[in-house]
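Structure at a glance
Okay, here's what each chain looks like letter by letter:
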There are 2 protein chains.
Amino acid sequence: MNLENTQVQMRKGILEFCILGIIARGEIYSSDILEELTSAKIMVVDGTLYPLLTRLKNAGLVEYRWVESDSGPPRKYFTITETGKTFLEQLQLTWDELVSSTQQIIQKSKLTA
Amino acid sequence: MNLENTQVQMRKGILEFCILGIIARGEIYSSDILEELTSAKIMVVDGTLYPLLTRLKNAGLVEYRWVESDSGPPRKYFTITETGKTFLEQLQLTWDELVSSTQQIIQKSKLTA
DNA sequence: CCAAGTACCTTGTATAACAAAGTACCTTTT
DNA sequence: AAAAGGTACTTTGTTATACAAGGTACTTGG
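Residues numbered from 1 in each chain as written. Chains lettered and ligands numbered in written order. Predicted model: local features only at pLDDT ≥ 70, side-chain atom pairs only at ≥ 80, totals over all residues. Heavy atoms only, no water.

All right, on to the overall build of chain A then. Helix and strand content of chain A: 5 helices and 3 strands. Considering chain A as a whole, with its 113 residues, one finds that 42% of them fall into the buried category. In chain A, the proportion of contacts linking residues at least 24 apart, taken out of those at least 6 apart, comes to 50%. On chain A, roughly 6500 Å² of surface is accessible, and the fraction owed to carbon and sulfur atoms is 48%. Counting 12 positive and 14 negative side-chain charges, chain A places the centres of these two groups 6 Å from one another. (Helix = DSSP H or I, 4+ residues; strand = E, 2+ residues; numbered from the N terminus. Buried < 20%, exposed > 50% of the residue type's maximum accessible area, 1.4 Å probe, protein only. Contact = heavy atoms within 4.5 Å. Areas by Shrake-Rupley, 256 points an atom, 1.4 Å probe, with all protein chains shown as cover. Lys, Arg positive; Asp, Glu negative; His and termini not counted. Charge placed at Lys NZ, Arg CZ, Asp CG, Glu CD.)

In structure tokens:
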């Protein structure tokens, strides 16, 4: 049990939430999703992202269409479905509760300056 | 991929953080830890808690001593170590960053009333 | 035609939580 | 003191996810 591993574990499980959230903002393809996640300091490799997107698609939470690219192979552009929106809302509730729970448990003695 | 499973996945990885946080507040034993978690709406079964406590102990983050009980078998009372305190502080930082990241990604359009 | 770059996909491994069953100890009841 | 019940702790098998690493396929440029 080292810190890095625990940090990885912490991140697990919110990826689905974050990625669904990103797609909910508008049509987007994998590389740009990766960029969004990276800029939010949530590191993911493509070998993680692609299977996750496939899962979301198979669950009917997102859809995609092929779009030709000016510089390279075609891309899968994803959009969220109505089912996906409902799902995301519930994930948001779960997440908020979880954040609230940890705040309840972890009593912060320091005030933010 | 159903909601319940995703919710379970979300909770994974923060258990260690929460449990270490609970122990950091003072000496406590398993059943009372379970109660604390339950009251914070973080459901865990004992089959999950005990191995986790063993992991924390083997990592030197917590210690325990046996304490006789008035009504039943002896209990393992846990306390946090100095190493554990340092570890917890870093987990807190990671968690805060994660919460901040999700807020950055998930744009809440609704104002809290 | 071949090299390089981009996009997507697959396989094997590690970790953690859960369900369910089990062991051991202590108290109460008979 | 033997049986029954409750509490505390433990173990085993299953499932799910992320990662590392490697692979396939398409496009462009030399």
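Let's pick the thread back up.
You'll often see interface size given as the accessible area lost when the parts meet. Chain A puts 43 residues into the contact, and the matching count from chain B is 43 residues. Interface of chain A and chain B: buried area, both sides summed, is about 3900 Å²; carbon and sulfur atoms make up 71% of it. There are 0 salt bridges connecting chain A and chain B. At the boundary of chain A and chain B, one finds 10 residue pairs in polar contact (both at pLDDT 80 or more). Residue contributions to the side of chain A that touches chain B peak at 14 residues, all from helix α5 (residues 82-105) of chain A. Among the residues making up the side of chain A that touches chain B, the classes are represented as 20 nonpolar, 14 polar and 9 charged. (Buried area = accessible area lost by both parts, 1.4 Å probe. Salt bridge = Lys/Arg side-chain N within 4 Å of Asp/Glu carboxyl O. Polar contact = N/O pair within 3.5 Å; in protein donor to acceptor, adjacent residues only side chain to side chain. Nonpolar A, V, L, I, M, F, W, Y, C, P; charged D, E, K, R; others polar.)

Turning next to the confidence of the model for chain A. Looking at chain A, the pLDDT average stands at 89 and 94% of residues meet or exceed 70. This complex was scored by the predictor with a pTM of 0.88 and an ipTM of 0.85. (pLDDT = per-residue confidence, 0-100.)

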